[in-house]
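So you can see what is in the structure, the chains are spelled out below.
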Amino acid sequence: MQVAKVIVDIPAMQTNRPFDYAIPPEMNEKLGKGMRVEVPFNTRVIQGFITDIQDHSDFEGELKEIIQPLDIEPALTEELIALGEDMAEKIFSYRIHCYQTMLPTMLKAKYDKEIKIVDEVSEDIFFDLFHGKDTLSWDEAVSRGILPKLIELKKNGQIEVNFILKNQAKSKTVSVYHSELAMDRLEDEYHGLKKSAKQQKVLLEAILSLNGTALTQKEYKEMFDISPQTIRTGVEKGWLKLSEREIFRDPYKDKDFKRTEALPLSAEQDEAFKKMNQSLSEEKHEVFLLKGVTGSGKTEVYLQLIAEVLQKGKTALMLVPEIALTPQMVHHFKGRFGDRVAVMHSALSAGEKYDEWRKIYNGEADVVVGARSSIFSPVKNLGIIIMDEEHESTYKQDENPKYHARNVAIWRGEYHHCPVVLGSATPSLESRARAQKKVYTLVELKGRFNQRALPEVEVVDMREEFKANNRSSFSMVLQEKIADRLTKRQQIVLMLNRRGYSSFIMCRDCGFVLECPNCDISLTLHMDSKTMKCHYCGHEEAIPHTCPKCQGHNFRYYGTGTQKIEEELQGLFPDARILRMDVDTTRKKGGHEAILSAFGRGEADILLGTQMIAKGLDFPNITLVGVINADTSLGLPDFRASERTFQLLTQVSGRAGRADLPGEVIVQSYNPEHYAILFAQQHNYDGFYRTEMSLRHKAGYPPYYFAALISVNNPDEQKAQRKIHEIHAILKKQLSSGTIILGPSKGSIAKMNNRYYFQILVKYKHEPNLHPTLKKILDDSQKENARGLYISIDSEPVNFF
Ligand SMILES: Nc1ncnc2c1ncn2[C@@H]1O[C@H](COP(=O)(O)OP(=O)(O)OP(=O)(O)O)[C@@H](O)[C@H]1O
Ligand SMILES: [Zn+2]
Ligand SMILES: [Zn+2]
C-alpha cells in the first residue's frame, strides 16, 4: 500500500505536521510530492499538500484514504516542500501557510478548470476519455474518476489545465482620453484661448506634455488637477478623444524591447564580476555583499553574471523592491535576455501572474525578475540569486508568514550550490556586519562608472531660514538652484520625506484630534477624496466642519502633503512643469510607470515625490536633487531611524549627476548636525556604519543582538493583558540571564481594528532555550486561539520600539 504524507489546511500547532493517508489503488504511482489533494479530516473534507510518498505508515489505526487529487501535476517542487518545512520552523509559522504563500493566487482560488489536449493522443483517449472533443471540464473529469489517467497524460505533456475566468467575457477596460491633434495645432488652440479660460489652458498644457498618452479622468484629476467638466469641454472642442483601455494589462507585453549587448566593463566592475563569477564556475554557494556607490554600475554586473549562468544552461532569480520594477529595470532585463525573462510585478492580473508562474514552472523562462514573493518562483536548476537594494525593508513580509526574502534567498542558494548576490549602495547594517565577520564576501565598487563624481551635497539649516523670515518650504538656496536648472532646461528631483508621517486635522480651539473609532491612531486627511481615513482598518469619514468636542470651526491642517508642496512650488515657479509622484498619484496600475516614463521623456522639469522616487532612477538630465525635509524619519520611535534616514538621503542624492552633467544636492534639515545627515552629505557609508554600530552596541540592538517580538491581541483588553503577563512569566523562568526581556508593553499601535495589542521584545545573543520555549507557548495557547486570542511571533522584527 502506498501512503501519502499530507500537510492539511488547518493552520494550528497540532496539525503542523504531515498526516498519513492511504493512496487508493487506482491512484497508485500516479500521485506525487507537491500535489494538492482532498482528504477527510475529522468530519470534514479539506485540502492538503502531499509532502512525501512512502510504502508504509507508522500510524497504528486504520488509515483514511485520499479522496481525490486537486492537481494533475505537482504545484510545489521538492525544493519548495523542503523550504516550507524549514521556513515554518524558523519563523514560527505553519507549514500550510508557507506552502500557500508560495503559490500564485490563481491556483488557490476556486476557478473552474478545463483540461485541454495540447499534443497528439491515441484514438482511445480521444474518444473514450475526451468523448471526441479537445477539452474536458475538470468537474466532469472528477465525477468520472479519470484524474489518475489524466495525471499520466500530463506527465507525457499531452494535456494542460487551464483556468476559466468567469469575468473574462466582461470587458476589463476603462475610459481614457488622449489627443490626436498635432502639436502645433494644439499650440494654436492654446494661444487662441481667452485669458479667463484658465482651466482649458491647464488642460492644453497637460495634453501637450502628455504627447498622445491616454489618461483616465481620474488620472487627469490626480496628475494635473483637471476636472471631469474640463475634460468634457476638451472632448467637445475636439482636443481629446475617448477610447477604452484594458485595465488588466501587462504593461510590458506588447512592447518591443531593443536588444542590448554586454557593455565592456570598467576595471572595478570587471574585478567584481570575476570574483563572483569564480564561485559560479565552481558551483559553490557563497553570499556576496556587492556594495557599490550609487551609479557605480551594479546593474551591468548583474546582467553579465546572469549571462554566464544562462550560458551554463542554468536559471537566475533577480529580486528588486516592488517600486523599482520600473520600465528601466524591465528594459535592462528584457533587452538583454528577451522572452526568456518572466517579470512578476503587482501590475499583473491574477491570470497574468499565473501565466508568468507557469512559464517559470515549465522552464520556458530562465530569468525571473520580481519583487519579494518571487523568491518562491518554481525555478529549477538555479545558477544565481541576486537581490538588488538588499537593505529595503519591503523584503520582509509583515504579515504571516513573516519571512525575510533574504533568508529565503540564502536557503535556496545553499540548496542549489549557487552564489547569492546582495547588492546595495547602502547595505543594511546586518549584512555589512556579516561581511565584516566574513560570513558574506564583501565586493566593492567604490567609484561611479566612468569616474563620474558623486554629487556635491549642501545641508541647509532650516532654523536659520525661519529666523531670516523665510516661511516657505523651500530655502533661498534651493529656490535659486531650481530657478537656475529651469533656465538651463535640466531636470530636478524634489523629495518630501514622509516616512511615518501623515496629515491630520486638529481643532485650534481645544486641541481635539480626530481618531479612528476602531484603532488607536489619528485619521489621515486625504484631499483627493475629501475624507479622513484610517490606514489600518480602512475606516473612512467626511472631513468635519465643526469640532465634535467644542463645536468650534477652526481646524488646523497638519502635515504638508506633496499636494500642498506642489501648489507652493507652482506658485514660486509658475512656468515649471511639475510631475507629482506619491501614493495618491500612483495608486492605480501603471501610474508609477506612467509618471516615470513621462519624466524620462523630458515632459516635466521637476519630479516631486515621496521616498518612492529615491530608488533606481537613472536619468542623465537630473542635475539637482532637493530634500525638502530630511528629518521626519529621524523622529520615529524605531531603532533603525538613523539608518533609514542615511539610506534614504544617500539613495536620493544618488539620482543626481549620473551622466555627463555634474549633480548637486540640497538637503534641508532642522537637525543639520545629526550624524546620519552629515555622513550622507560626505557620502561616507563606512563612517556611518562605524558610528551606528557603536551606538547599537551600547543600546543592545541588532546586529549585536537578535530580537524576537511576541505579540498578543484580543478584543478584550484585560484578556490580552493577562496573557502577555503569563508569557512574560514563562520567558523569565526559561531564558538565561544574559537575555534581555523588554515589556510587556502596549503594542506600537495599542488598538487596531477593535483589538488590543500587547508585546514583549526579547533581545538575545545565544539562547538555545528560546525556540523551544516559544514553540511551547504557541502550542499551549492553541485552545485560547479559538476564543479570539492571537499570539504572533516575529523572529526578525523590522520595526520595534
Ligand atoms: N560597463 C558600462 N559601460 C557603459 N555604461 C555603463 C557601464 N556600467 C554602467 N553604466 C552606466 O552607468 C550608469 C549607472 O549604472 P547603474 O544604474 O547600474 O548604477 P547602480 O550601481 O545600479 O546605481 P544605483 O544604486 O544608484 O541604482 C547607468 O547609466 C549605466 O548605463
Ligand atoms: Zn482604524
Ligand atoms: Zn474643539
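Please read these numbers as outputs of a predicted model, since none were measured by experiment.

Caption draft 1: A look at the overall build of the protein chain. Counting its regular elements, the protein chain contains 27 helices and 32 strands. At 29 Å, the protein chain has a C-alpha radius of gyration in line with the 28 Å of a compact globule built from 801 residues. Residues counted as buried form 40% of the 801 residues belonging to the protein chain. Looking at the protein chain alone, contacts between residues at least 24 apart form 74% of all its contacts between residues at least 6 apart.

Caption draft 2: Region of interest: the nonpolar core. Counting 90 residues, the largest nonpolar core has Met318, Val367, Val368 and Ile384 as the members making the most contacts within it. Sort the elements by how many residues they give to this core and helix 12 (residues 298-311) lands first, with six residues. Both domains that meet at this core, namely domain 1 (3-167) and domain 3 (267-449), each give it at least three residues. The next biggest cluster of nonpolar side chains, apart from the first, holds 47 residues, and it includes Leu579, Leu607, Ala656 and Ile677.

Caption draft 3: Inspection of the site of ligand 1 at higher detail. The full set close to ligand 1 counts 19 residues, and Leu263, Thr294, Gly297, Lys298 and Thr299 are the nearest of them. Top element by residues in the shell around ligand 1 is helix 12. It accounts for three residues. Here the shell around ligand 1 is composed, by residue class, of five nonpolar, ten polar and four charged. Counting residues domain by domain, the shell around ligand 1 receives three or more from each of domain 3 (267-449) and domain 4 (452-500 + 561-696).

Caption draft 4: Seen up close, the sheet that holds strand 18 (residues 456-461). The parallel open sheet is built from six strands, whose spatial order is 18-28-27-19-26-25. Whereas interior strands pair on both sides, the edge strands pair on one side only; in this sheet they are strand 18 and strand 25 (578-581). Put simply, the sheet's adjacent strands are angled 15° from each other on average, direction ignored.

Caption draft 5: Examining helix 2 (residues 95-102) more closely. For helix 2, the tally of buried residues reaches six of eight residues, placing the bulk of the element in the interior. Within helix 2, the full set of buried residues consists of Arg95, Ile96, His97, Cys98, Tyr99 and Met102. In this structure, the buried side of helix 2 is in contact with strand 1 (3-8), strand 4 (44-54) and helix 1 (78-90).

Caption draft 6: Seen up close, unusual backbone geometry. Following Pro702, the chain continues to Pro703 via a peptide bond in cis, the omega torsion being 5°. The step from Gly743 to Pro744 runs through a cis peptide bond, and the omega angle for that step is 5°. For Pro744, the position within the fold is in strand 30 (residues 740-752). With a phi close to 55°, Asn381 is a non-glycine residue in the positive phi region.

Caption draft 7: Representation of the UniProt feature "binding site: Zn(2+) 1" (unreviewed entry) in the protein chain within the structure. UniProt tags Cys507, Cys510, Cys547 and Cys550 as "binding site: Zn(2+) 1" (unreviewed entry). For this annotated set, covering 44 residues, all C-alpha atoms fall within 8.6 Å of each other, a compact arrangement in space. Checked against the element boundaries, Cys550 lands in the loop between strand 23 (540-542) and strand 24 (555-558). When neighbours within four sequence positions are excluded, Cys550 is seen to be in contact with Cys507, Asp509, Cys510 and Phe512.

Caption draft 8: Expanded view of the sheet that holds strand 14 (residues 367-370). Taken in spatial order, the seven strands of this open sheet run 13-14-12-15-16-11-17, and their pairing is parallel. Two strands bound the open sheet, and with one partner strand each, they are strand 13 (341-344) and strand 17 (441-445). Here the strands of the sheet are splayed against their neighbours by 15° on average, with no regard to which way each runs. By the bridge criterion, five bridges tie strand 11 (residues 287-292) to strand 17 in an arrangement that is parallel. Each bridged residue has a counterpart across the sheet, and for Lys291 the counterpart in strand 17 is Glu444.

Caption draft 9: Inspection of the domain arrangement of the protein chain at higher detail. The domain architecture assigned to the protein chain consists of domain 1 (3-167), domain 2 (173-246), domain 3 (267-449), domain 4 (452-500 + 561-696) and domain 5 (706-794). On a C-alpha basis, the centroid separation for the pair domain 2 and domain 5 is 56 Å.

Caption draft 10: Molecular detail of the confidence of the model for the protein chain. Mean pLDDT over the protein chain stands at 86; residues scoring 70 or higher make up 91%. pLDDT under 50 marks residues 167-171. Its contacts with residues more than four places away, or in other chains, come to zero contacts. Of the two predicted TM-score estimates for the complex, the pTM is 0.80 and the ipTM is 0.95.

Caption draft 11: How the structure looks around helix 21 (residues 591-600). Gly591, His592, Ala594, Ile595, Leu596 and Phe599 are the residues of helix 21 that are buried. In the segment just after helix 21, Gly602 is the residue with positive phi, at about 80°.

Caption draft 12: Molecular detail of the environment of Arg580. Among the secondary structure elements, Arg580 is positioned in strand 25. Counting along the chain gives 431 residues from Arg580 to Lys149, while the straight-line C-alpha distance between them is 57 Å.

Caption draft 13: The environment of Leu129, seen in detail. Locating Leu129 in the fold gives a position in helix 4 (residues 123-129). On the basis of neighbour counts, which here come to 20 C-beta atoms within 10 Å, the residue Leu129 falls in the buried class. Spatially, the C-alpha atom of Leu129 lies 8.9 Å from that of Leu150, the residues being 21 residues apart in sequence. If sequence neighbours within four positions are ignored, Leu129 has contacts with Ile146 and Lys149.

Basis of the calculations
- Residues numbered from 1 in each chain as written.
- Chains lettered and ligands numbered in written order.
- Predicted model: local features only at pLDDT ≥ 70, side-chain atom pairs only at ≥ 80, totals over all residues.
- Helix = DSSP H or I, 4+ residues; strand = E, 2+ residues; numbered from the N terminus.
- Rg over C-alpha atoms; globule rule 2.2 N^0.38 Å.
- Buried ≥ 20, exposed ≤ 12 C-beta atoms within 10 Å, placed from the backbone.
- Contact = placed C-beta atoms within 7 Å.
- Core = buried A, V, L, I, M, F, W, Y, C linked by C-beta atoms within 7 Å.
- Domains from an automatic or database assignment.
- Near = placed C-beta within 6 Å.
- Nonpolar A, V, L, I, M, F, W, Y, C, P; charged D, E, K, R; others polar.
- Pairing = 2+ DSSP bridges.
- Axes fitted to C-alpha atoms, helices over the stretch in contact; angles between N-to-C directions.
- UniProt positions renumbered as here; feature names shortened; annotations may be inferred.
- pLDDT = per-residue confidence, 0-100.

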